[in-house]
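Architecture at a glance
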4 protein chains.
Amino acid sequence: MSGNTIGVLFKVTTWGESHGPATGAIIDGCPPRIDLSEADIQKELDRRRPGTLSSSSPRREEDHVEILSGIFEGKTTGTPISLLIRNRDMHSDAYEGLRDLFRPGHGDISYQAKYGIRDHRGGGRASGRETAARVAAGAVARKVIAPAGITIAAWTKELGGITARLHSLTAAETSPLRCPDPEAEKRMVARLEEARAAGDTLGGIVEIIVRGCPPGLGEPVFGKIDADLAGALMGIGTVKGVEIGAGFAAARMSGSTCNDPIGPEGFRTNHAGGILAGITSGAEIVIRVACKPIPSIAHPQETIDTQGRPAVITVGGRHDASVIPRIIPVCEAMVAIVLADHLMRQRTLSI
Amino acid sequence: MSGNTIGVLFKVTTWGESHGPATGAIIDGCPPRIDLSEADIQKELDRRRPGTLSSSSPRREEDHVEILSGIFEGKTTGTPISLLIRNRDMHSDAYEGLRDLFRPGHGDISYQAKYGIRDHRGGGRASGRETAARVAAGAVARKVIAPAGITIAAWTKELGGITARLHSLTAAETSPLRCPDPEAEKRMVARLEEARAAGDTLGGIVEIIVRGCPPGLGEPVFGKIDADLAGALMGIGTVKGVEIGAGFAAARMSGSTCNDPIGPEGFRTNHAGGILAGITSGAEIVIRVACKPIPSIAHPQETIDTQGRPAVITVGGRHDASVIPRIIPVCEAMVAIVLADHLMRQRTLSI
Amino acid sequence: MSGNTIGVLFKVTTWGESHGPATGAIIDGCPPRIDLSEADIQKELDRRRPGTLSSSSPRREEDHVEILSGIFEGKTTGTPISLLIRNRDMHSDAYEGLRDLFRPGHGDISYQAKYGIRDHRGGGRASGRETAARVAAGAVARKVIAPAGITIAAWTKELGGITARLHSLTAAETSPLRCPDPEAEKRMVARLEEARAAGDTLGGIVEIIVRGCPPGLGEPVFGKIDADLAGALMGIGTVKGVEIGAGFAAARMSGSTCNDPIGPEGFRTNHAGGILAGITSGAEIVIRVACKPIPSIAHPQETIDTQGRPAVITVGGRHDASVIPRIIPVCEAMVAIVLADHLMRQRTLSI
Amino acid sequence: MSGNTIGVLFKVTTWGESHGPATGAIIDGCPPRIDLSEADIQKELDRRRPGTLSSSSPRREEDHVEILSGIFEGKTTGTPISLLIRNRDMHSDAYEGLRDLFRPGHGDISYQAKYGIRDHRGGGRASGRETAARVAAGAVARKVIAPAGITIAAWTKELGGITARLHSLTAAETSPLRCPDPEAEKRMVARLEEARAAGDTLGGIVEIIVRGCPPGLGEPVFGKIDADLAGALMGIGTVKGVEIGAGFAAARMSGSTCNDPIGPEGFRTNHAGGILAGITSGAEIVIRVACKPIPSIAHPQETIDTQGRPAVITVGGRHDASVIPRIIPVCEAMVAIVLADHLMRQRTLSI
């Protein structure tokens, strides 16, 4: 990972600002002869769209993807796949008052420090809008890992302090909040409504589960798969924590309880979350990410302007009351991209 | 990060197995004209040595480092710095009985799946011994970031379920468990003794604090500094979770409480942990890592052999009762390596 | 360099097939606050267009570039610059007869061997059309190196066996064949006409001259600037040889004649071509590349089909009689990209 | 390629200065389960040693290699292979008079400009001594490509202006100058003696021939195999030109003579040198490199000192009269390293 590119063999580069003409991704290194259509990608983009809950952003991007290269007669050719998503429905004027102010919790102040210039409209490059390109690239990654039997699904484990239990990943997929626990979801929805009414936002926890991953993916020391997954997920704007398997709970265990006994049929428990010494073990990969509340709130907030003078800011624009559930396909996409890359790397060892 | 190398400009490659002739690191890309001696590196290696607590490993490595290249008359030359640490005091025979068995909680089974071959002695490449090379490289990284005013210190926040409070980072440095809270440390020591007596091990939480980091380090989207830090730390064998700033607690906050108000004098709070949109903000960087208990326990454990047949294993060898405090200089080293790399990357923008 | 990306800090990725919807480039790592407009890029693309000589390709691409990201109010922001060039005036039907045949001298047979699939229309990814994206990216690179005083100019040193002399690089820029020697150019034009009339094509030699390059660019051993320049230029489809300074003539010199004596005012000769031990010396950089004749000729040629059966092929499509002069801005672009990257790398050493 | 590392999957990093304690290489990414012993590597190092001709350097390095990691019970494990070659027989005092002078034709002046510091003894990092590490790494690369049937052999095509013909690659291997043409070799030896007697040095041309390379190696656009080979070879200190297949002669051909007709049995000619559009075609790969004369000559030369003042230098030390034949195993090693990397990359496409 560096700059705007992730991956060693399956390399994804994204580009685009929230209020520029378009956003997109290049996938370089995708294996040839894989069936791939715009519909395959559109399906994932549609999963990322604002929902129908009243707590959702009223911005209505169609997020229509166009494949510009790398496909011939419906199949990948091995050459770079260029994906283009035009931005539409932009209301850049809403940001004019923020040109010289730093929004708390946003990257305005750090981008200014880094580059000495920034596109203030909608967060520019740091906007959540950029994740559309990730989801599009992730759809291609899913096509690469599917033949190996790998499936990825994420669900809402916690939102606004309300915890859900996992009954079935299928149930998560069809629920508005990607929460498989109807009772918990009902309370989450209510809390989201409260937050929205109060001009506030909520955080939560997403769990990502990978099934069917073959053992052996990951490299020693600095190319460990847990390291790459953690980096890929922590690189989502909203994420402030990542844990694998037992995660932070492992810190309170003893070795005799944390170790997963091994039997001929597999691991008896899964505190390791499917990864041992940075290499997949064949068990289910289990990852949780902590999502902070969206920093765009309707409250007046203390800040400074680009001259360092104190100011009060009220952030306009159109925003969700939580990144959940829209962040879920983004988390899945990042995991898919990392796994596609490592699956390809592993193929190189068979000389 | 890929394979055994980390960094884009300040690149560290480590090599070596626990029971091979030596371990070491190459640092490629270190700026020239920096004073660097073996003593600078030895100092950090000495911080990683087993302590004097009875819960520490009886393996007595001197970990003497030799600089083989990249230094001329006491200064770096800009060419690769090769560091060599000979392995000594190896008792490989203790591992002979483990040649065909997979130790639960260790990478034996995943390495075998990946490579079809493994050096079973002491965990081979997956041994904690490899972290000596990281600490040595981290000592060089510290020399690169020191002139920018950056300091890194880590402390034991939790061990075996006992939580400590931070009074002073200086106090942490001089305590046996790197714990600045004497009362908590006393209880931690007692719990470690209990665990050791029971042939068991304990996990804990380390907090890393970076002071003096200039704003602007980190790159958009896939080169974010929180992503790189998370990847670097999750790539330490023992780590199962990483969080930054408020971390998992942020998932339970509202936007109005999580956002850090900005004043002319700086941020009023630091839930962001010094990083906004993946770029340092100038505030203190705060990171916590969850360390699992060391999997080498004296208890008999269920496992399988390389033929898939059930077996019972009792792990010998010489081990600590916890990776804490020895993991602390390793965590610091990884953070130093990431910051040195990003500090150098940031210098490239001033064209 | 790997896949479709070149550069460590100033990273260029190109994408697109000859007869796909578009071609383009991403520039990731461009420093911020540089004035950049579509006109800056268009100017270079226009230099690459087919000329008005009758030996030029009748394909009339407008090659209109659109900047999709990375620019705010006329300046670079440090985020990825996405460039889009739509393909127009494609006559894909002309290639239908070549779907199952391998054109001699083209990549058809090697792409088929590599990927088991290929876009046969106009050479697909291997088309010279891809170089439009390189030229566009090179225009951005020129903006990065210009403030350092670096200028790059190439000229036609040889075409169809006719050798020219260099009087003035300015004269080269305004001549139809980028040849500063009017007498030689006249003969070159006549030979091109003969070749075209005979359905044949010609090769030649281009010399690239870099002035104002500061000393110190390039890295030891595997990041040498001559290595990177040679790789970048050999990666242009038509190029079969690269030499620097005295080049192949150096093989026939003695050390006492080849060494460039050094005086207080600089080097007395320039057999080294401005590069010593892989690092620029401050002298003019001089590189020559050998361009093979375009393999698309009107003659019937022996070949095989995708089943390995013998066949005779006659290549249609619209082609130039020589890659010269259109290859000249491509050579300049590749040199500009390499120098921009190394100039940025060199800035990292000043810690 | 960047800094001191080459390769994407089969990654070689070399380190070490001519008069430092040692030189060495790390090979990261070597596939597991390959038989590898120190003898395999020593054999190649021995091919690089000074010969018995009186024109050879009297420096007598044993170049004994030690494998420090990555091997278990005689086989590669997939973890980094660390190779160590101690420097011996150094006469650093001979260089003391050169501490403040720049040797013409050497990298002294460019290294000083780059780093502001340099190890002046024997050229430091820029010494030909560094190539020992390349040859050692190349020996490992050969083990990776051998099972695919790939063989690499280089020979002396020209020395001091005397051209040889290739009868048999086997004859080249057993001749003192790696020249398979005994009559030409006799004249070359005489000319080398003359040069040595005159305190001068000679250049030459080496041809590298790769047999058995499967078609399909190489990547589009910026990862072409001819680009990578040219970069790898131009990165050898002595090399000032690289050409593939017909090379510079192609610039004087017409398309109808340069194109290689294809028949069911293969290519009828090989002007392409085994590479089409940057991807191997299955034909023999043919590369030639131009080697400049060694710049260390016994003549007094004009130069400047580190203060920019004019000076006369007479270079001492122990040197060969030509890099040929010692450069031959270095050329072979670089080709082997590039092919091993691309062979591994190609394995990734089979998903």
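Quick caveat, the model's predicted, so the values are computed rather than measured.

1. Topic: the overall build of chain A
The helix and strand tally for chain A stands at 8 helices and 18 strands. Computed over the C-alpha atoms, the radius of gyration of chain A is 21 Å, within 12% of the 20 Å expected from 2.2 N^0.38 for a compact globule of 351 residues. Summarising its shape, the C-alpha atoms of chain A cover approximately 65 × 50 × 35 Å along the three principal directions. Counting over 351 residues, chain A shows a buried share of 69%. Partitioning the contacts of chain A with sequence separation of at least 6, the portion at a separation of at least 24 is 72%. Carbon and sulfur atoms make up 51% of the accessible area of chain A, which amounts to about 10,400 Å² in all. Each charge class in chain A was averaged separately, 40 positive and 40 negative side chains, and the resulting centres sit 1 Å apart.

2. Quick notes on the packing of helix H3 (residues 131–145) of chain B against helix H8 (residues 327–347) of chain B
All names here are of chain B. The interhelical angle for the contact between H3 and H8, taken along N-to-C directions, is 45°, at an axis separation of 7 Å. It follows from the interaxial angle that H3 and H8 lie oblique. The element H3 and its partner H8 pack so that their crossing is left-handed. Across the interface between the two elements, Thr131, Arg134, Val135, Ala137, Gly138, Ala141, Arg142, Val144 and Ile145 of H3 pack against Pro329, Val330, Glu332, Ala333, Met334, Ala336, Ile337, Leu339, Ala340 and Leu343 of H8. Class assignment of the residues belonging to the contact of H3 with H8 gives a composition of 14 nonpolar, 2 polar and 3 charged.

3. Thoughts on the interface of chain A and chain B
Taken together, the 103 residues of chain A in the interface contact 103 residues of chain B. Buried surface at the junction of chain A and chain B, both sides included, amounts to about 7,500 Å², of which 62% is carbon and sulfur. Where chain A packs against chain B, one counts 4 salt bridges. A salt bridge links Arg252 of chain A to Glu158 of chain B, with the nearest nitrogen and oxygen atoms 2.5 Å apart. Taken together, chain A and chain B are joined by 47 residue pairs in polar contact (both at pLDDT 80 or more). A breakdown of the residues in the side of chain A that touches chain B according to their chemical character gives 49 nonpolar, 35 polar and 19 charged. Here strand S11 (residues 239–244) of chain A runs beside strand S11 (residues 239–244) of chain B; their pairing, made up of 3 bridges, is antiparallel.

4. Examining the interface of chain C and chain A
Every contact between the two is made by 42 residues of chain C and, on the other side, 42 residues of chain A. Carbon and sulfur atoms supply 57% of the area buried between chain C and chain A, which totals about 3,100 Å² over both sides. Along the contact surface separating chain C from chain A lie 4 salt bridges. Notably, a salt bridge pairs Glu73 of chain A with Arg99 of chain C, separated by 2.7 Å at the nearest N-O pair.

5. Topic: the pairing of strand S2 (residues 11–16) of chain B
Residue and element names in this part refer to chain B. In terms of burial, S2 is a largely internal element, 6 of the 6 residues being buried. Judged by which residues are buried, S2 turns out to be covered on both faces: Lys11, Thr13 and Trp15 on one side and Val12, Thr14 and Gly16 on the other are all buried. Two elements, strand S1 (residues 5–6) and S2, share 2 bridges in a ladder whose sense is antiparallel. Across the sheet, residue Thr5 finds its bridge partner in S2, namely Thr13.

6. Things to note about the side chain of Arg288 of chain B
The residue Arg288 of chain B is located in strand S16 (residues 285–291) in this model. Among the polar contacts listed, one links the side chain of Arg288 of chain B to the backbone oxygen of Gly245 of chain B, at a separation of 2.4 Å. Residue contacts for Arg288 of chain B: discarding those within four places in its chain leaves Phe248 of chain A together with Lys157, Ile205, Val206, Glu207, Gly241, Val242, Glu243, Gly245, Ala246 and Gly247 of chain B.

7. Looking at the relation of the copies chain C and chain A
Mapping chain C onto chain A calls for a screw motion: a turn of 180° about the axis and a shift of 0.0 Å along it, with 0.0 Å RMSD after fitting. The two molecules are tied by a two-fold rotation axis, judged by turn and shift. Interface overlap between copies: 100% of the residues of chain C at the interface are likewise at the interface in chain A, consistent with a symmetric, same-surface contact.

8. Some details on the relation of the copies chain A and chain B
Each copy of the chain is related to the other by a rotation around an axis and a translation along that axis. Once turned by 180° and shifted 0.0 Å along the axis, chain A lies on chain B with an RMSD of 0.0 Å. A high fraction, 100%, of the interface residues of chain A reappear at the interface in chain B, so the copies pair face to face through one surface.

9. Quick notes on the pattern of salt bridges
Residues and elements named next belong to chain A. Per the counting criterion, the structure on display carries 124 salt bridges over all chains. When the shortest N-O distance is used, the salt bridge between Arg211 and Glu284 registers 2.7 Å. One end of the pair, Arg211, is in strand S10 (residues 204–211); the other, Glu284, is in the loop between strand S15 (279–280) and strand S16 (285–291), and 73 residues separate them in sequence.

10. With respect to the confidence of the model for chain A
For chain A, per-residue confidence averages 94 on the pLDDT scale, and 96% of positions sit at 70 or higher. Scored as a complex, the prediction yields pTM 0.97 and ipTM 0.96.

11. A closer look at the pairing of strand S18 (residues 310–314) of chain B
Residues and elements named next belong to chain B. Pairing between strand S17 (residues 300–304) and S18: 5 bridges, direction antiparallel. The partner of Pro300 across the bridge, within S18, is Thr314. In sequence, S17 turns back onto S18 through a hairpin of 5 residues, with Gly308 there showing a positive phi of about 85°.

12. Considering the sheet that holds strand S3 (residues 22–28) of chain A
Residue and element names in this part refer to chain A. Taken in spatial order, the 5 strands make up an open sheet running S1-S2-S3-S7-S4, and their pairing is antiparallel. Here the strands that pair on one side only, and so sit at the sheet edges, are strand S1 (5–6) and strand S4 (65–67). The pairing of S3 with strand S7 (residues 81–86) spans 6 bridges and is classified as antiparallel. Considered in S7, the bridge of Ala22 is made with Arg86. Packing of helix H1 (residues 38–48) onto the sheet brings it into contact with S4 and S7, and relative to S4 it is tilted by some 155°.

13. Focus: the packing of aromatic side chains
This model, assessed by the stated rule, comprises 6 aromatic pairs over all chains. Seen from their ring centres, Tyr111 of chain B and Tyr115 of chain B are 5.8 Å apart, and the 55° between their planes marks the pair as tilted. Taken as a pair, Tyr111 of chain B and Tyr115 of chain B lie in helix H2 (residues 108–115) at a separation of 4 residues, close to a single helical turn. Tyr115 of chain B gets classed as buried once you look at its relative accessible area, which sits at 2%. Taking the ring centre of Tyr115 of chain A as reference, the NZ or CZ of Lys114 of chain A above it sits at 5.6 Å.

14. A few points about the nonpolar core
Phe10 of chain A, Phe10 of chain B, Phe10 of chain C together with Phe10 of chain D are the most contacted members of the largest nonpolar core, which has 338 residues in total. Not counting residues up to four positions away in its chain, the partners in contact with Phe10 of chain A are Ile27, Asp28, Cys30, Ala137, Val140, Ala141, Val144, Ile337, Ala340, Asp341 and Met344 of chain A.

15. Describing the sheet that holds strand S8 (residues 151–159) of chain D
What links the strands of a sheet is backbone hydrogen bonding, and the strands pair in either a parallel or an antiparallel sense. Spatially, S9(C)-S8(C)-S10(C)-S16(C)-S11(C)-S11(D)-S16(D)-S10(D)-S8(D)-S9(D) is the arrangement adopted by the 10 strands of the open sheet, whose pairing is antiparallel. Pairing within the sheet leaves two strands with one partner each, and these edge strands are strand S9 (162–163) of chain C together with strand S9 (162–163) of chain D. Strand direction decides the pairing type here: strand S11 (residues 239–244) of chain C and strand S16 (residues 285–291) of chain C, joined by 5 bridges, are antiparallel. Bridged to Ile244 of chain C within S16 of chain C is Ile287 of chain C. Each of S11 of chain C together with strand S10 (204–211), strand S11 (239–244) and strand S16 (285–291) of chain D touches helix H6 (residues 225–234) of chain D; the most contacted strand, S11 of chain D, lies at about 155° to it.

Cut-offs used in this document
- Residues numbered from 1 in each chain as written.
- Chains lettered and ligands numbered in written order.
- Predicted model: local features only at pLDDT ≥ 70, side-chain atom pairs only at ≥ 80, totals over all residues.
- Heavy atoms only, no water.
- Helix = DSSP H or I, 4+ residues; strand = E, 2+ residues; numbered from the N terminus.
- Rg over C-alpha atoms; globule rule 2.2 N^0.38 Å.
- Buried < 20%, exposed > 50% of the residue type's maximum accessible area, 1.4 Å probe, protein only.
- Contact = heavy atoms within 4.5 Å.
- Areas by Shrake-Rupley, 256 points an atom, 1.4 Å probe, with all protein chains shown as cover.
- Lys, Arg positive; Asp, Glu negative; His and termini not counted.
- Charge placed at Lys NZ, Arg CZ, Asp CG, Glu CD.
- Axes fitted to C-alpha atoms, helices over the stretch in contact; angles between N-to-C directions.
- Parallel < 35°, antiparallel > 145°, perpendicular 65-115°, else oblique.
- Left-handed = near helix turned anticlockwise from the far one by under 90°.
- Nonpolar A, V, L, I, M, F, W, Y, C, P; charged D, E, K, R; others polar.
- Buried area = accessible area lost by both parts, 1.4 Å probe.
- Salt bridge = Lys/Arg side-chain N within 4 Å of Asp/Glu carboxyl O.
- Polar contact = N/O pair within 3.5 Å; in protein donor to acceptor, adjacent residues only side chain to side chain.
- Pairing = 2+ DSSP bridges.
- Least-squares fit on C-alpha atoms with pLDDT ≥ 70 in both.
- pLDDT = per-residue confidence, 0-100.
- Phe/Tyr/Trp six-rings, centres within 6.5 Å; stacked < 30°, edge-to-face > 60°.
- Lys NZ or Arg CZ within 6 Å of the ring centre and 35° of its normal.
- Core = buried A, V, L, I, M, F, W, Y, C linked by side-chain atoms within 4.5 Å.

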